[in-house]
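In case you want the letters, here they are:
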Amino acid sequence: MIKLHDKYFKPFLSQTEIQSAVEDLAKKISDDHKEETPIFIGVLNGSFMFVADFLKAYEHPCEVSFVKLSSYQGLTSTGIVETLLDPPENIEGRTVIILEDIIDTGRTLKELVHLFSNTNVKEFKIATLFYKSEIYNGEYSIDYVGIEIPNKFIVGYGLDYNELGRNLKEVYQLNQKHMINLVLFGKPGAGKGTQAEFLKEKYNLKHISTGDLFRYNMKNDTELGQLAKSYIDKGDLVPDEVTIKMLQDDVEKNPEASGFIFDGFPRTTAQAQALDEFLVSKGMKIDATIALEANDEILIQRLLERGKVSGRTDDQDEDKIRNRFDEYNQKTAPLKDFYEAQNKFHSVNGIGEIDEITMRLSKVIEEL
């Protein structure tokens, strides 16, 4: 996916698909008008890429000009079409073919027809690369169509979102707001933190690490931090309800997030059930749990190397590392069963280059 301003867009049409549609349009129009010299009129700003590629594919004599209209601001049409650049004057007795990048409601098309209604052209036709037939309510026939598309906002190949995206070679579709909530598992050293950083940027997710939550609440002496510290000082485990309350507070502080990555929670089936109950109360759910799998011996060497730099004592003792792995195995096994029963457990190879692992994780996420 790509991000333009505050919105995310996903791939929709490839460069190959677009070029094929443009060439097909050029051939159809050529078959009808190769015996004359038509005037092609592009509609700015959106059609500049389309017109350029169309003319390269059109192999017969022709002329080209442009008009400029506007009805869009951001993601929606204003309903008011402004004429910003008038049509050419030398069109009397000529065949005029409008080259539109996209036709949806038909408001711009109506204005185009009005622009030429008082001219004495020989023939007036309309060609569009993209056509949203399900919402077109215009009264004029469209003579040539490249690709019929659903009523989704698109950018790229001349089309923009608040002026960004026009230079993209492919066409992208607005990624409608869909919460992606993930639980990320992995043994120490498996790279959970590193991958969480990449995923949160790529998918506009909020990374919630229980370790970070505890540190934040205790450092800032919040009510929950004081409560957690009182248990820790006594050598007791912090009750699940305290942890889940910290997590709830963090979720509620980030209403604009497109989803959450839960890291370090849940650790038990009871915690997983509590998390499910909380998310359901917010109209949300866990979409997937992903375990970064890696060979123990590789991870041990990775942690020992990390320990030389970080100074963490638990990364410098092989016996302690193996104990941490044993604890992970004991706790994760029932969670794996819990999420497999919901068809939400995914295993990903955690060995390789960082970007390779990110691609593996992205494949799981984008298939949800």
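Anyway, here's the lowdown on the structure attached to this text.

## A few points about the sheet that holds strand S11 (residues 180–186)
Thinking step 1. Taking strand neighbours across the sheet as the criterion, the five strands line up as S12-S13-S11-S14-S15 in an open arrangement whose pairing is parallel. This sheet does not close on itself; its edge strands, each paired only once, are strand S12 (206–209) and strand S15 (345–349). In this sheet, neighbouring strand axes are inclined to one another by 25° on average, regardless of whether the strands run parallel or antiparallel.
Thinking step 2. Bridge count for strand S14 (residues 288–293) against S15 is five bridges, and the pairing is parallel. What sits directly across from Leu 292, in S15, is Val 348.
Thinking step 3. Together, S12 and strand S13 (259–263) form the strand contacts of helix H5 (residues 210–219), whose direction differs from that of S12 by roughly 75°.
Thinking step 4. Across the sheet, helix H10 (residues 318–340) is in contact with S11, S14 and S15; its angle to S11 comes to roughly 145°.

## Here we look at helix H4 (residues 192–203)
Thinking step 1. Its 12 residues give H4 an end-to-end C-alpha distance of 16 Å, which sits within 8% of 16 Å, the value for a rise of 1.5 Å per residue.
Thinking step 2. Along H4, the residues classified as buried are Lys 192, Gln 195, Ala 196, Leu 199 and Tyr 203. Take H4 and look down its axis: the buried residues cluster within an arc of 105°, on one side only.
Thinking step 3. In this structure, the buried side of H4 is in contact with strand S2 (7–13), S11, S12, S13, S14 and helix H11 (354–366).
Thinking step 4. Phi turns positive, to about 55°, at Asn 204, one or two residues after H4.

## Description of the environment of Leu 115
Thinking step 1. Locating Leu 115 in the fold gives a position in helix H3 (residues 107–116).
Thinking step 2. Here Leu 115 falls in the buried class, since its relative accessible area comes to 18%.
Thinking step 3. Put simply, Leu 115 and Gln 226 are 111 residues apart on the chain and 71 Å apart in space, counted from C-alpha to C-alpha.

## Some points on the side chain of Thr 210
Thinking step 1. Along the chain, the position of Thr 210 falls in helix H5.
Thinking step 2. Using a relative accessible area of 8% as the deciding quantity, one classes Thr 210 as buried.
Thinking step 3. Apart from residues lying up to four places away in sequence, Thr 210 is in contact with Thr 243, Asp 263, Gly 264 and Phe 265.

## Quick notes on the nonpolar core
For soluble globular proteins, the rule of thumb is that nonpolar side chains tend to be buried together.
Thinking step 1. Judged by nonpolar contacts, the single largest core of 29 residues is most densely connected at Phe 185, Leu 247, Val 251, Phe 262, Leu 275 and Tyr 339.
Thinking step 2. Listed by contribution, the elements that provide at least two residues to this core are S11, H5, helix H6 (223–233), helix H7 (240–252), S13, helix H8 (269–281) and H10.
Thinking step 3. A total of five residues in this core trace back to one element, the largest contributor, which is H7.
Thinking step 4. In contact with Tyr 339, other than residues within four places in its own chain, are Val 183, Phe 185, Pro 266, Ala 272, Leu 275, Ile 286, Thr 289, Lys 344 and Phe 345.
Thinking step 5. By size, the runner-up hydrophobic cluster in this structure holds 26 residues, among which are Ala 26, Phe 50, Phe 54 and Leu 159.

Calculation criteria
- Residues numbered from 1 in each chain as written.
- Predicted model: local features only at pLDDT ≥ 70, side-chain atom pairs only at ≥ 80, totals over all residues.
- Heavy atoms only, no water.
- Pairing = 2+ DSSP bridges.
- Helix = DSSP H or I, 4+ residues; strand = E, 2+ residues; numbered from the N terminus.
- Axes fitted to C-alpha atoms, helices over the stretch in contact; angles between N-to-C directions.
- Contact = heavy atoms within 4.5 Å.
- Expected span 1.5 Å × (residues − 1).
- Buried < 20%, exposed > 50% of the residue type's maximum accessible area, 1.4 Å probe, protein only.
- Arc of directions from axis to C-beta.
- Core = buried A, V, L, I, M, F, W, Y, C linked by side-chain atoms within 4.5 Å.

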